[in-house]
Amino acid sequence: MLSRLQELRKEEETLLRLKAALHDQLNRLKVEELALQSMISSRREDEMPSSPAAQEQSHDVVVHVDNEASINQTALELSTRSHAPEEEEEEEEEESDS
C-alpha cells in the first residue's frame, strides 16, 4: 500500500512537470504565432501588392503559416528540466484548496 502511494506521488510529480513544460511550450507557440501574424500584417501594409505575382507571394506566406503538415513537423520542447519552483507553487495551491 505504501509503495503504491509512493508510486502515485512520483507519477503525480512527473505529470506536474509535464504540465508545466506543455504550458511553457504553449506560451512560446502563442508568442510565435503573434509575431508571425504581426510580420504578415506589416508586410501586407508595406507592400500593398499591385501585381498578381506579388499577391501570389503574399498568399504563399499565409499558406505556409497555416500549412498543417508544416505545423505538425514542428518539434516540441518537452524536457522537464528546471520546473521545481512552479511545482512547489502548484503543490501549495493544491494543498490550500483541500
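Just so we're clear, the structure is a prediction, and the values are computed from it rather than from any experiment.

Trainee: Can you help me understand the overall build of the chain in this one?
Mentor: Secondary structure summary: the chain contains 4 helices and 0 strands in total. Counting from the amino terminus, helix and strand elements in the chain follow one another as α-α-α-α. When the 98 residues of the chain are sorted by exposure, 9% land in the buried category. With an accessible surface of roughly 8,400 Å², the chain has 52% of that area assigned to carbon and sulfur atoms.

Trainee: Sorry, what's going on with helix H1 (residues 2–47) here?
Mentor: Side chains of residues three or four places apart in an α-helix project in the same direction, reflecting 3.6 residues per turn. Helix length check: H1 (46 residues) gives 67 Å between terminal C-alpha atoms against 68 Å at 1.5 Å per residue, within 8%. Within the span of H1, buried status applies to Leu-16, Ala-20, Ala-21, Gln-25 and Ile-40. Met-48 occupies a position one or two residues after H1 and carries a positive phi of about 40 degrees.

Trainee: Which parts of the structure should I look at to understand the confidence of the model for the chain?
Mentor: When pLDDT is low, close inspection of the predicted coordinates is not appropriate. The pLDDT averaged across the chain works out to 75; a share of 49% of its residues lies at or above 70. Within the chain, no element has a lower average pLDDT than helix H2 (residues 52–66), which sits at 55, and none a higher one than H1, at 94.

Trainee: Would you take a moment to explain the pattern of salt bridges for this structure?
Mentor: Opposite charge on two side chains permits pairing when their charged atoms draw close. Taken as a whole and judged by the stated rule, the model has 1 salt bridge. The partner of Arg-4 in a salt bridge is Glu-7, and the shortest N-O contact between them spans 3.4 Å. Of this pair, Arg-4 and Glu-7 are both found in helix H1, 3 residues apart, which corresponds to roughly one turn of the helix.

Calculation rules
- Residues numbered from 1 in each chain as written.
- Predicted model: local features only at pLDDT ≥ 70, side-chain atom pairs only at ≥ 80, totals over all residues.
- Heavy atoms only, no water.
- Helix = DSSP H or I, 4+ residues; strand = E, 2+ residues; numbered from the N terminus.
- Buried < 20%, exposed > 50% of the residue type's maximum accessible area, 1.4 Å probe, protein only.
- Areas by Shrake-Rupley, 256 points an atom, 1.4 Å probe, with all protein chains shown as cover.
- Expected span 1.5 Å × (residues − 1).
- pLDDT = per-residue confidence, 0-100.
- Salt bridge = Lys/Arg side-chain N within 4 Å of Asp/Glu carboxyl O.

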